[in-house]
Amino acid sequence: MQREREDNWFIIHTRPRQESVAETSLRSLDIQVYLPLYYARVKRNKTKIPLLSPLFKGYLFARFPLEPLFHKVRYCRGVKTVLGGTHGLWTIDDALIQSIRQREKDGVVELKKRPQRFSRGDAIRVDEGDFDGWEGIFYEDLPDNERAVILLTNVHFSSKLIVPRSYLVAEK
């Protein structure tokens, strides 16, 4: 993070779940605003569905002349504060904003998928489907690499269960 410069972006901390409200308010002042969005997977009725959400929950970026607009920005609807410290406001270089924008497709940031790897004996939890919340020990991947065998630990008997790999998360 750098000190204020004309081509840098200020970091705006928004009120809870008010990112879009703050974006609209700032745009009404003719301020250049960037609110990166992505599809978060949220649970609804035991399945995960994609929901358009801010990439940085509670934050957005704005570029504006400091002197004439700081007070208006600070008290804009949906804005909690402009981030900074005793030595000035914090900014982000335009190159970083552009690198996020390059990952967008149709205005939505595409996140890189990282397959979660499990080893035999890892503690896991089923995070989706009929067995949502059940805990177990990872046993093995099935040959199709879409399903896995787990040993259930929250039942009073020894049992193996075959579930889709996408339903599993590491237990912390």
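What counts and how
Positions within a chain are numbered from 1, following the residues in the order the chain's sequence is written. Local features in this predicted model are restricted to residues whose pLDDT is 70 or higher, and side-chain atom pairs enter the listing and the counts only when it is 80 or higher, whereas totals over whole chains, interfaces and linings include all residues. Calculated side-chain values reflect all of the structure's heavy atoms, with hydrogen atoms and water omitted. Residues belong to one nonpolar core when they are buried, are Ala, Val, Leu, Ile, Met, Phe, Trp, Tyr or Cys, and are joined through side-chain atoms within 4.5 Å. For the exposure calls, accessible area comes from a 1.4 Å probe over protein chains only, and a residue counts as buried if that area is under 20% of its type's maximum, exposed if over 50%, partly exposed in between. Here, two residues are considered to be in contact whenever any of their heavy atoms come within 4.5 Å of each other. Whether two strands pair depends on DSSP finding at least two bridges between them. Under the scheme used here, helices are H or I runs from DSSP no shorter than 4 residues and strands are E runs no shorter than 2 residues, and both carry numbers assigned from the N terminus. All axes are obtained by fitting lines to C-alpha atoms, using only the stretch in contact for helices, and the reported angles, taken between N-to-C directions, cover 0 to 180 degrees.

1. Considerations on the nonpolar core
A general tendency of soluble globular proteins is for nonpolar side chains to be buried together.
Thought 1: Core analysis: the largest hydrophobic core is formed by 16 residues, its most contacted members being Ile12, Leu26, Ile31, Leu60, Phe64 and Val73.
Thought 2: Contacts of Ile31, omitting those with residues within four sequence positions, involve Leu26, Ala62, Arg63, Phe64, Leu69 and Val73.
Thought 3: By size, the runner-up hydrophobic cluster in this structure holds ten residues, among which are Ala148, Leu152, Val163 and Leu168.

2. Here we look at the sheet that holds strand β12 (residues 123-126)
Thought 1: Judged by pairing direction, the sheet is antiparallel, and its five strands sit side by side in the order β15-β14-β13-β12-β16 without closing on themselves. For this open sheet the edge positions go to β15 (160-164) and β16 (168-170), each flanked by a neighbour on one side alone. Along the sheet, successive strands turn relative to each other by an average axial angle of 50°, direction set aside.
Thought 2: Pairing of strand β13 (residues 135-141) with strand β14 (residues 147-152), which is carried by five bridges, proceeds in the antiparallel orientation. From the neighbouring strand, Asp141 faces β14, where its bridge partner is Ala148.

3. Focus: unusual backbone geometry
Peptide bonds are mostly trans, and most non-glycine residues show a negative phi.
Thought 1: A positive phi angle is found at Arg17, which is not glycine, with a value near 55°.
Thought 2: As for its position among the elements, Arg17 is in the loop between β1 (9-14) and α1 (19-27).
Thought 3: Backbone geometry places Asp106, a non-glycine residue, at a positive phi of 55°.
Thought 4: If you trace the backbone, Asp106 turns up in the loop between β10 (104-105) and β11 (108-109).

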